[in-house]
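# Structural overview
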Amino acid sequence: MRVIMTGGGTGGHVYPAIAIADEIRRRYKDAAVLFVGAEVGMERELVPENGYDLEIISVDGFYRKKIYKNIEVFNKLRKASKRSKEIIRDFRPDVVIGTGGYASAAVVKTAQKMKIPTYIHEQNAYPGMTNRMLERHARKVFLGFEAAGEHFRDKNKLVNAGNPVRAVFSQTGKAEARKALGFRDTDFVLLAFGGSQGAGRINKAMIDVIETFNGVENFRICIGAGKYYYEAMLDEFRERNIELHDNIIIKEYISDMQKYLVSSDLVVSRSGALTVAEVTICGKPAIFIPSPNVTGNHQYHNAMAVAQHGGAIVLEEDQLKEKKLVNEILKLKNNPEILKDMESRSLACAPVDAAAVICDTIINDISE
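Residues numbered from 1 in each chain as written. Predicted model: local features only at pLDDT ≥ 70, side-chain atom pairs only at ≥ 80, totals over all residues. Heavy atoms only, no water.

What follows is about the side chain of Gln123. Its location among the elements puts Gln123 in the loop between strand S5 (118-122) and helix H5 (129-134). We classify Gln123 as buried; its relative accessible area is 2%. Here the side chain of Gln123 touches His13 through a polar contact of 3.0 Å, side chain to side chain. Contact partners of Gln123, with chain neighbours within four places excluded, come to Gly12, His13, Pro16, Thr99, Gly144, Phe145, Asn163 and Ala273. (Helix = DSSP H or I, 4+ residues; strand = E, 2+ residues; numbered from the N terminus. Buried < 20%, exposed > 50% of the residue type's maximum accessible area, 1.4 Å probe, protein only. Polar contact = N/O pair within 3.5 Å; in protein donor to acceptor, adjacent residues only side chain to side chain. Contact = heavy atoms within 4.5 Å.)

The structure is reproduced here in structure tokens:
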């Protein structure tokens, strides 16, 4: 079996593609899988790190405000389509699977013109423009959230698969993960992060949290600040003359997220589709703070899909006043029975065998 995976930009597009590719390789030991991504996306690091070959094309997203810049975007798209055609001809895939992002649009569209079976996966509750554009000639559209189906035209193509999560998130136990990180069994572990790029607003809210719990015994706070915000966050503590104690861990980027997530008792994060999938597959109670700067407010809808089942609390950015986040954390920490109930409700929202559903559907489809 020969497969081209394409999608990228952020981890939210790349990691689901890797999870699908891993499932294909698990089933077919001799499968040939090639990734095609953009030159500025996270796929440049993540794909090779996970053992896959990567081809790069030069492509950008469209500008909604600076319309004149789209001339250059169209020129890049033409070149990307030409390069995609060369890659497809050389690799000769049986199928092409797109998981969203700029590169996905060029590669999947080119494959469709070349009459190669194409499939797309939409991670969010509100689909992006790329996948809505590619739907017409795709064989199947896999949904991370059932609510996204409202925004696609051909309901017969839709498959409610969930968001694929890499197997490593379900292969490590809490005690094992804590031992690897040097955490004690008695620690209450709070994990906070803003997605693969970080989130300045979450970091700002977490400063109050750190001030409150800095040095508190058996309370450990781990933060993935993001490379764009890491130094600014440390500068904030210096300006406030706050000396961080050993129970506070601030990292630029959490590369071994599965260990920190499995180790945690409570998560504070954005609610991108991948984050929601990873949090729920680990059965973690969460305080989701959706980004308001996304298409169709999809992070809010992602978060509510869990909150409505009791697995999470949703705080919007304009609610992060007067230590609201601190109070919510204290309320949950001091009520372990509530946290325990949220754990089971979070896990009930997890995508079950999403990668397997996607592979089964594709294999059955191309076999007909």
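There is more to say, and it comes next.
Let us now look at the pairing of strand S2 (residues 32-38). Burial analysis of S2 places 7 of its 7 residues in the buried class, the great majority of the element. A two-sided burial pattern is seen for S2, the buried positions comprising Ala32, Leu34, Val36 and Ala38 on one face and Val33, Phe35 and Gly37 on the other. Both strand S1 (residues 2-6) and S2 contribute to a ladder of 5 bridges, which runs parallel. Looking at the pairing, Met5 lines up with Phe35 of S2. What joins S1 to S2 is helix H1 (residues 11-27), and the crossover it makes is right-handed. Relative to strand S3 (residues 53-57), S2 is paired through 5 bridges, and the arrangement is parallel. Bridge assignment links Gly37 to a residue of S3, and that residue is Ile56. Following the backbone out of S2, through helix H2 (residues 43-49) and into the adjacent parallel S3, one traces a crossover that is right-handed. (Pairing = 2+ DSSP bridges. Right-handed = clockwise from strand over helix to strand, strands pointing away.)

Read from one edge to the other, the open sheet built from 7 strands follows the order S3-S2-S1-S4-S5-S6-S7, with strand pairing classed as parallel. In the strand order of this sheet, the two ends are held by S3 and strand S7 (158-160), each with one partner. Adjacent strand axes in the sheet meet at a mean angle of 25° when their direction is disregarded. Summarising the sheet, strand S4 (residues 95-98) and S5 pair through 3 bridges and their orientation is parallel. Bridge assignment links Gly98 to a residue of S5, and that residue is Ile120. (Axes fitted to C-alpha atoms, helices over the stretch in contact; angles between N-to-C directions.)

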